[in-house]
Amino acid sequence: MKKSPPARVASLCLFLILSFLSWRPLPASERPLSYEIKVELLPETARLQGRETITWTNTTGDYVPDLWFHLYWNAFKNELSTMAREARREKLFTRYRVRKDDWGWVKITSLTTASGVDLMPAASFISPEAPPNPGDQTVLRVELPEPLAPGQTLNLHLEFQSKVPKNGLRTGYYRDGFFISQWFPKLGVYEEGRGWNCHEYHLNSEFYADFADYRVEITVPARMVVGACGQEVSRVEDPASGRTSYTYVQQNIHDFAWTASPRFLKLERWFRGEEEVTAEEYRQVAELLGLSPEEIRLPDVRMILLIEKQHQKQADRHFRALRAALKYYGLWYGPYPYETITMVDPPFRTGSGGMEYPTLFTAGTSVILEKDVLSPEGVIIHEFGHGYWYGLVANNEFEEAWLDEGINTYSTGKVSEVAYGPGRLPFRFNGLPLNWLIRFPAVYDWQLGRVMSGPVSKLDPIATESWKFYNSMSYSLNVYYRAATCLYTLERYLGEKTWARIMRTYHQRYRFRHPRTGDFIRVVNEVSGQDLTWFFNEFFFQAKEFDYAIGSVETAVKPEKYRGLFDDLPTTNSVTTEKKEKKPDQKKEKIYQTTISLRRLGEARLGPGLKLKLRVEFEDGAVEWREWDGQSRWARFDFERPSLVKTAVLDPEAIWLVDTNLANNSYSRKGPGARLLSQTSGWLWLVQQLLLTISGCL
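Scope of this entry: the structure provided in the associated data block. (Residues numbered from 1 in each chain as written. Predicted model: local features only at pLDDT ≥ 70, side-chain atom pairs only at ≥ 80, totals over all residues. Heavy atoms only, no water.)

When helices and strands are tallied, the chain shows 14 helices and 33 strands. Looking at the chain residue by residue over its 698 residues, the buried ones come to 54%. Across the chain, the fraction of contacts at a sequence separation of at least 24, relative to all contacts at a separation of at least 6, is 75%. Of the accessible surface of the chain, which amounts to about 32,100 Å², a share of 52% is contributed by carbon and sulfur atoms. (Helix = DSSP H or I, 4+ residues; strand = E, 2+ residues; numbered from the N terminus. Buried < 20%, exposed > 50% of the residue type's maximum accessible area, 1.4 Å probe, protein only. Contact = heavy atoms within 4.5 Å. Areas by Shrake-Rupley, 256 points an atom, 1.4 Å probe, with all protein chains shown as cover.)

Now the structure itself:
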């Protein structure tokens, strides 16, 4: 683990200051995209009626001939959509099959320019993926009367109708509880020289959109409590119609979601930076990052909780988790830039639990909770954290999901560890806790994630487009857990200080931008001062298993004399031996010859110049070390000592967490049970074996 020299630290500090200045968001008047939407919810028919104004400026050097829109809810329109076809292939996933009259859809009924030109005749559904799916209607292309020139601004007026899907993915309704996301016609992202990036709605994919200013007016029955992205700036009641209109405004976000239910309780509290963070904590984190305490001061944030009435006694647990997330994400990566954050205990059976949107996220909970199981705390920290990696550093989740999911899974584990310590694994049946029957161990997120991700290491590369993974299990375990395990490995290899500065640099440099995997790799190489491209090539771009093992430990007593014929010639070394007369009562000391064989069982290998350490402890307390570059398939090391080997451990510092099977990294004379327990808890080993068995069926 290398330490940065003073000159490098000084350069890094200067770079962080310049990066901060470079990512400040544009003034509202200069941002190229804005949405003004008025929508009315008709709960009796689960319909939305909307009007929308989009202002878009072409900031590229291209002449843009058309517009591409996401119409996400058409994924729930019929059984021919891409999402429906993918769900049908997932035989374990049937929740998205819908009943009669429960289909969801969105339809643009009017689309004109500010000058009144009707664009609907030039609109058609397209299928951008290969092979194309003519039955999918989640992407709409609209040909413009003439190409939009660089720097030119277009104003569009839309009217749309939509039906809320009953069994939607991340959105839906049950009775009079609604969670509304991906609900309005939304522009794709125009990328200079490449055209529109606007993918179909996929089962395993999330989203990608440009930053914009939003102003959204939501009209609902007066009995409903509403929450939404951004800040509520007005509320107008209409007693005659029994309806209330809420207006929410937020600048510089790339999505907008909202929820409405008569069963919500709305609670508000404040996160106060000066109360939540001590002077000593500011000093310690500033030293870690190479910054001054003033550069990492945290602002006050208004925390809003919408919680179902039957869960109201859990409010303190919700707010405590949110405070921890605001504190540590803010200290490590940068202050939260918005004035509010809203967490939602989503309406029952709306399919919307555990999902993130800018300044708003859903968690979800149960009526009965266990004290030592971090639920809903873990979900709250995770979904808030997406506001940093999905919300602020807005990568393309269709194509590179790990940049959000993997980085945030790593970050969630770090926050949970410092705020709560290890959490006990839950054991539930039909939603009822049964921990009194079987008490699983308390583990850290990195331990569980490492075990869970091992079985899919050879199935798909982490950096695979979301809809091209073998199945949902491969997608989830790779982009969440295996990616996070790789990041934990890099942290252990590079050291806490270097890694903390890498993460903050990446976040600050790409706030309000759309980074790609190559951008992350460049930051890692730049801040660490090492070329770690090999690591990403080996673990992110290829489906290889990393598995080094102790193959065998063989011991024999060294014979007093070797049989055979020997010439009476001097030895080639300078060591001479003298014959000593053996005293009749002197017992000759036994010498043990031990050969330890190491194996590379997987295809993935260490990078150039790196070594795996082998620690060997003997019964007399002596310790010997060896190193292996791990390039060949095997290596052998010989030992001669007057004592038997007690234990042997490959990678004793546990740097290489990406090793899929730590159980074969150690040897103990006490037997395999001691070996397994020395590397991971017995329960986690059982979980790993179960997942390995399941992976055989993939």
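What follows covers helix α7 (residues 402-420). Between its terminal C-alpha atoms α7 stretches 25 Å, which fits the 27 Å expected from 19 residues at 1.5 Å a residue. Counting buried residues along α7, 15 of its 19 residues qualify, which places the element largely inside the surrounding structure. Positive backbone phi, at 80 degrees, marks G421, one or two positions downstream of α7. (Expected span 1.5 Å × (residues − 1).)

Okay, empty space enclosed by the protein next. Evaluated as defined, the whole model comprises six cavities of 30 Å³ or more. Put simply, the largest cavity is a space of about 80 Å³. As for the largest cavity, its lining consists of Y336, Y338, I341, E356, Y357, P358, T359, L360, F361, E383, F384 and G387. Elements with a minimum of two residues in the lining of the largest cavity: β21 (355-357), β22 (360-362) and α6 (377-389). For the lining of the largest cavity, the element with the most residues is α6, which contributes three residues. Looking at the lining of the largest cavity, its residues break down into eight nonpolar, two polar and two charged. (1 Å grid on protein atoms, 1.4 Å probe; cavity = no way out; pocket = protein on both sides within 12 Å on 5 of 7 lines; lining within 4 Å. Points joined across faces, edges and corners; volume = space filled by probe spheres on them. Nonpolar A, V, L, I, M, F, W, Y, C, P; charged D, E, K, R; others polar.)

As a further point, take the side chain of D460. Among the secondary structure elements, D460 is positioned in the loop between α8 (445-453) and α9 (472-494). At 11 Å, R482 is the nearest oppositely charged side chain to D460, a buried residue that forms no salt bridge. Of note is the side chain of D460, whose polar atom sits 2.5 Å from the side chain of S474. Not counting residues up to four positions away in its chain, the partners in contact with D460 are K468, F469, Y470, S474, N478 and A543. (Lys, Arg positive; Asp, Glu negative; His and termini not counted. Salt bridge = Lys/Arg side-chain N within 4 Å of Asp/Glu carboxyl O. Polar contact = N/O pair within 3.5 Å; in protein donor to acceptor, adjacent residues only side chain to side chain.)

Moving on to the pattern of salt bridges. In this structure the tally under the stated criterion is 35 salt bridges. Linking R269 and D316 is a salt bridge whose minimum nitrogen-to-oxygen distance equals 3.0 Å. Pair noted here: R269 is in strand β18 (residues 264-271) and D316 is in helix α5 (residues 315-333), with a separation of 47 residues, a long-range link. According to the relative accessible area criterion, R269 is partly exposed, its value standing at 29%. E526 is the partner of R509 in a salt bridge, and the nearest nitrogen-oxygen pair spans 2.9 Å. With R509 in helix α10 (residues 496-509) and E526 in helix α11 (residues 517-528), this residue pair connects regions lying 17 residues apart in the sequence. A relative accessible area of 41% places E526 in the partly exposed class.

What follows is about the environment of T485. In this fold, T485 is placed in helix α9. With a relative accessible area of 4%, T485 lands in the buried category. For the pair T485 and M452, spaced 33 residues apart in sequence, the C-alpha to C-alpha distance is 10.0 Å. Discounting residues that sit within four places of it in the chain, T485 has contacts with G449, R450, S453, L657 and V658.

So, on to the sheet that holds strand β28 (residues 592-600). Backbone-to-backbone hydrogen bonds join strands into a sheet, with any given pair of strands oriented parallel or antiparallel. Here three strands make up an open sheet; going across it, the order is β27-β28-β31 and the pairing antiparallel. Here the strands that pair on one side only, and so sit at the sheet edges, are β27 (548-557) and β31 (634-641). Looking at each pair of strands side by side, their axes are set apart by 15 degrees on average, direction ignored. Alignment of β27 against β28, held across nine bridges, turns out to be antiparallel. Bridging from a neighbouring strand, A556 pairs with Q593 of β28. (Pairing = 2+ DSSP bridges. Axes fitted to C-alpha atoms, helices over the stretch in contact; angles between N-to-C directions.)

Tallied over the full model, the rule gives 49 aromatic pairs. With a centroid separation of 5.7 Å and an interplanar angle of 65 degrees, the aromatic rings of Y329 and Y333 are classed as edge-to-face. On the criterion of helical spacing, the pair formed by Y329 and Y333 is a turn pair, its members being four residues apart in helix α5. With respect to class, Y329 is no different from Y333; both count as buried. Cation over ring: R297 sits above Y282, and NZ or CZ is 4.3 Å from the ring centre. Note that R492 overlies the ring of W446, its terminal NZ or CZ placed 4.5 Å from the centroid. (Phe/Tyr/Trp six-rings, centres within 6.5 Å; stacked < 30°, edge-to-face > 60°. Lys NZ or Arg CZ within 6 Å of the ring centre and 35° of its normal.)

In space, the four strands of this open sheet follow the order β30-β29-β32-β33, with antiparallel pairing throughout. At either margin of the open sheet sits one strand with a lone partner, and together these are β30 (623-628) and β33 (666-668). Neighbour-to-neighbour, the strand axes of the sheet open up by a mean angle of 15 degrees, direction not taken into account. Of the pairings in the sheet, the one linking strand β32 (residues 645-650) to β33 comprises three bridges and is antiparallel in character. Bridge pairing links V649 to S666 in β33.

Here β28 pairs with β31 via eight bridges, running antiparallel. Bridging from a neighbouring strand, T594 pairs with F639 of β31.

Counting 180 residues, the largest nonpolar core has W183, F256, W258, W402 and F520 as its most contacted members. Broken down by element, this core gets its largest block of residues, 12 residues, from α5. Among residues more than four places away in sequence, those in contact with F256 are W183, F184, Y214, V216, I218, A228, C229 and Y248. (Core = buried A, V, L, I, M, F, W, Y, C linked by side-chain atoms within 4.5 Å.)

Once that is clear, we can look at unusual backbone geometry. Both trends apply: most residues other than glycine have a negative phi, and most peptide bonds are in trans. In the segment running from A130 into P131, the intervening peptide bond is cis, with an omega of -5 degrees. Here P131 lies in the loop between β5 (123-125) and β6 (139-148). Each neighbour pair has its own omega, and for S375 with P376 the value is 20 degrees, a cis peptide bond. Among the secondary structure elements, P376 is positioned in the loop between β22 and α6. The phi dihedral of D651 falls on the positive side, at around 60 degrees, and the residue is not glycine. By the secondary structure assignment, D651 is in the loop between β32 and β33. For D651, a relative accessible area of 9% translates into the label buried.

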